[in-house]
Amino acid sequence: MKINKSIGCTVNECIHHAKEQSYCSLDHINVVKHHTTANSQESTDCGSFQASQ
Ligand code: SF4
C-alpha cells in the first residue's frame, strides 16, 4: 500500500489508513469543520474518512 508521509493519521478504522504505519495512503485529503466557525481542534475532521466496514 502507498503511504503518504505528509499526512500522519491514527484513524486505523479508515479504509485509506496505511495500517502498519500511522499515515494516510491518499495523495490528498479534505479537512472539514463541523460548525460555521471552527474554534477548537474538535471542530475539525478529515472529510475523506471512509469506514472500513
Ligand atoms: S482519509 Fe483521513 S481519516 Fe482516512 S486515513 Fe486518510 S487522513 Fe486518516
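Right, let's walk through the structure included here.

## Looking at the overall build of the chain
- When helices and strands are tallied, the chain shows 0 helices and 4 strands.
- Taken along the three principal axes of its C-alpha coordinates, the chain extends 35 × 25 × 15 Å.
- Counting over 53 residues, the chain shows a buried share of 19%.
- Within the chain, contacts between residues separated by at least 24 positions form 20% of all contacts whose residues are at least 6 apart in sequence.
- Of the accessible surface of the chain, which amounts to about 4100 Å², a share of 48% is contributed by carbon and sulfur atoms.
- In the chain, 4 side chains carry a positive charge and 5 a negative one; their mean positions are 6 Å apart.

## A look at the pattern of salt bridges
- Per the counting criterion, the structure on display carries 1 salt bridge.
- Here Lys-2 ties to Asp-27 by a salt bridge, and the two come within 2.0 Å at their closest N and O atoms. Taken together, the positions of Lys-2 in the segment before strand E1 (4-8) and Asp-27 in the loop between strand E2 (23-24) and strand E3 (31-33) put the pair 25 residues apart, joining distant regions of the chain.
- What makes Asp-27 exposed here is its relative accessible area of 60%.

What counts, and where the lines are drawn
- Residues numbered from 1 in each chain as written.
- Predicted model: local features only at pLDDT ≥ 70, side-chain atom pairs only at ≥ 80, totals over all residues.
- Heavy atoms only, no water.
- Helix = DSSP H or I, 4+ residues; strand = E, 2+ residues; numbered from the N terminus.
- Buried < 20%, exposed > 50% of the residue type's maximum accessible area, 1.4 Å probe, protein only.
- Contact = heavy atoms within 4.5 Å.
- Areas by Shrake-Rupley, 256 points an atom, 1.4 Å probe, with all protein chains shown as cover.
- Lys, Arg positive; Asp, Glu negative; His and termini not counted.
- Charge placed at Lys NZ, Arg CZ, Asp CG, Glu CD.
- Salt bridge = Lys/Arg side-chain N within 4 Å of Asp/Glu carboxyl O.

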